Amino acid sequence: MSHAGAPELRVYLPIEDLQRQFAAYLGTPTRARGYPPVRGQHSLIIEVAPGLAIERVTDLALKSVPSVEPGILFVERQFGVLEVHSDDRADIDAAGKAILDGLGAGPADQLAPRILYSDVIENLTDQHAVIINRNRDASMVLPGDSLLVYEMTPALFASVAANEAEKAAPGITIVTVSMIGAAGRLYLSGTTAQVLTARDAITSVLTGIEGRAG
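As a starting point, this report considers the structure included with it. (Residues numbered from 1 in each chain as written. Predicted model: local features only at pLDDT ≥ 70, side-chain atom pairs only at ≥ 80, totals over all residues. Heavy atoms only, no water.)

1. Comments concerning the pairing of strand 3 (residues 69-75)
The side chains of a regular strand alternate between the sheet's two faces. Rules: Any two strands are treated as partners once DSSP identifies two or more bridges connecting them. A helix here means a DSSP run of H or I that spans at least four residues, while a strand means a run of E at least two residues long, and both kinds are numbered starting from the N terminus.
The pairing of strand 3 with strand 4 (residues 80-86) spans six bridges and is classified as antiparallel. By the bridge assignment, F74 is partnered in strand 4 with V81. Counting the residues between successive antiparallel strands, the hairpin from strand 3 to strand 4 contains four residues.

2. A word on the sheet that holds strand 8 (residues 184-190)
In plain terms, the rule: Between N-to-C directions, angles cover 0 to 180 degrees, with each direction set by a line fitted to C-alpha atoms, over the stretch in contact for helices. Throughout, a residue-residue contact means that at least one pair of heavy atoms, one from each residue, lies within 4.5 Å.
Read across the sheet, four strands follow the order 5-6-8-7 without closing on themselves; strand pairing throughout is antiparallel. Since the sheet does not close on itself, it has two edges, and those belong to strand 5 (114-121) and strand 7 (173-178), each with one partner. Taken pair by pair, the neighbouring strands of this sheet meet at an average axis angle of 10°, ignoring direction. Each of strand 6 (146-153), strand 7 and strand 8 is contacted by helix 5 (residues 157-168), which is oriented at about 20° to strand 8, the strand it contacts most.

3. Brief notes about unusual backbone geometry
How we decide: Think of it in three bands: residues with accessible area under 20% of the maximum for their type are buried, residues over 50% are exposed, and the middle band is partly exposed, with areas taken using a 1.4 Å probe on protein chains only.
Put simply, A49 and P50 share a cis peptide bond, and its omega is -5°. In this structure, P50 sits in the loop between strand 2 (42-49) and helix 2 (54-64). Backbone torsion omega between T153 and P154 reads -20°, so that peptide bond is classified as cis. Inspection of the secondary structure assignment puts P154 in the loop between strand 6 and helix 5. Notably, D17 is not glycine yet its phi reads approximately 60°, a positive angle. Structurally, D17 can be placed in the loop between strand 1 (8-15) and helix 1 (20-26). Judged by relative accessible area, D17 falls into the partly exposed class, the value being 33%.

4. A few points about the pairing of strand 6
With eight of eight residues buried, strand 6 is to be regarded as a mostly interior element. Residues S146, L148, Y150 and M152 line one face of strand 6 and the alternating positions L147, V149, E151 and T153 line the opposite face, and both faces are buried. Sheet topology note: the strand 5/strand 6 ladder contains seven bridges and is antiparallel. Note that in strand 6 the partner of S118 across the bridge is Y150.

5. Things to note about the pattern of salt bridges
The condition is simple: Any carboxyl oxygen of Asp or Glu that lies within 4 Å of a side-chain nitrogen of Lys or Arg is treated as forming a salt bridge with it.
Counted by the stated rule, this structure contains 10 salt bridges. In this structure, D200 engages R199 in a salt bridge whose closest nitrogen and oxygen atoms are separated by 3.2 Å. Given the relative accessible area of 42%, D200 is considered partly exposed.

6. Here we look at the packing of helix 5 against helix 6 (residues 192-207)
Definition in use: When describing relative orientation, an angle under 35 degrees is termed roughly parallel and one over 145 degrees roughly antiparallel, while 65 to 115 degrees is termed roughly perpendicular and anything else oblique. The hand of a helix crossing depends on one turn: near helix anticlockwise from the far one by less than a right angle means left-handed, and clockwise means right-handed. Three classes are used, and their members are as follows: Ala, Val, Leu, Ile, Met, Phe, Trp, Tyr, Cys and Pro are nonpolar, Asp, Glu, Lys and Arg are charged, and the others, Gly among them, are polar.
Across the interface, helix 5 lies against helix 6 with an axial gap of 8 Å and an inter-helix angle of 135°. Comparing the axis directions of helix 5 and helix 6 gives the class oblique. The two elements helix 5 and helix 6 cross, and the hand of that crossing is right-handed. Facing F157, V160, A161, E164, A165 and A168 of helix 5, the residues of helix 6 in contact are T197, A198, A201, I202, V205 and L206. A class-by-class count of the residues in the contact of helix 5 with helix 6 yields 10 nonpolar, one polar and one charged.

The following block contains the structure:
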């Protein structure tokens, strides 16, 4: 391996038991340009800097555990993102260990998630629902629904937030998951009780993740 410096681990995110809506979202063409995951599989999402270092991360994962399937491989301006998934959690753990060993890092070397904002908007108006739906990348929000908006950094933590929200409140609707970029954003809709349950689940999972200050 030759490079100017060791890559920085920004996100190391195992996601257990992909939920129905979130797995389907990950499988959309704008997300999974490789092999789409399905409900019940397990996922690992990695982000490193600089962006091109993600190709080494991919090599480490796929050579160590050929049975894992890459879904997302994305090189953005500053960071690189890889998502791999498998039916077997042990495969994900083994691929993760190979990546961490190759980077000389541990899970706690990632950036800790930081909550930037959350709000619950009750009884959404017709006009508000229409304009959100023009910009959505998952399911529609309906007039009269309550809407949870949630923002955090690094952006990839929106993925585990969406999955854990769906586990806690299976009746919610995933409207948007922005998981790559400067900040992660979620739009989730449902009854007020559902979105409050989802909000609390997201806060719980994000505050429980170890990491360094960014």
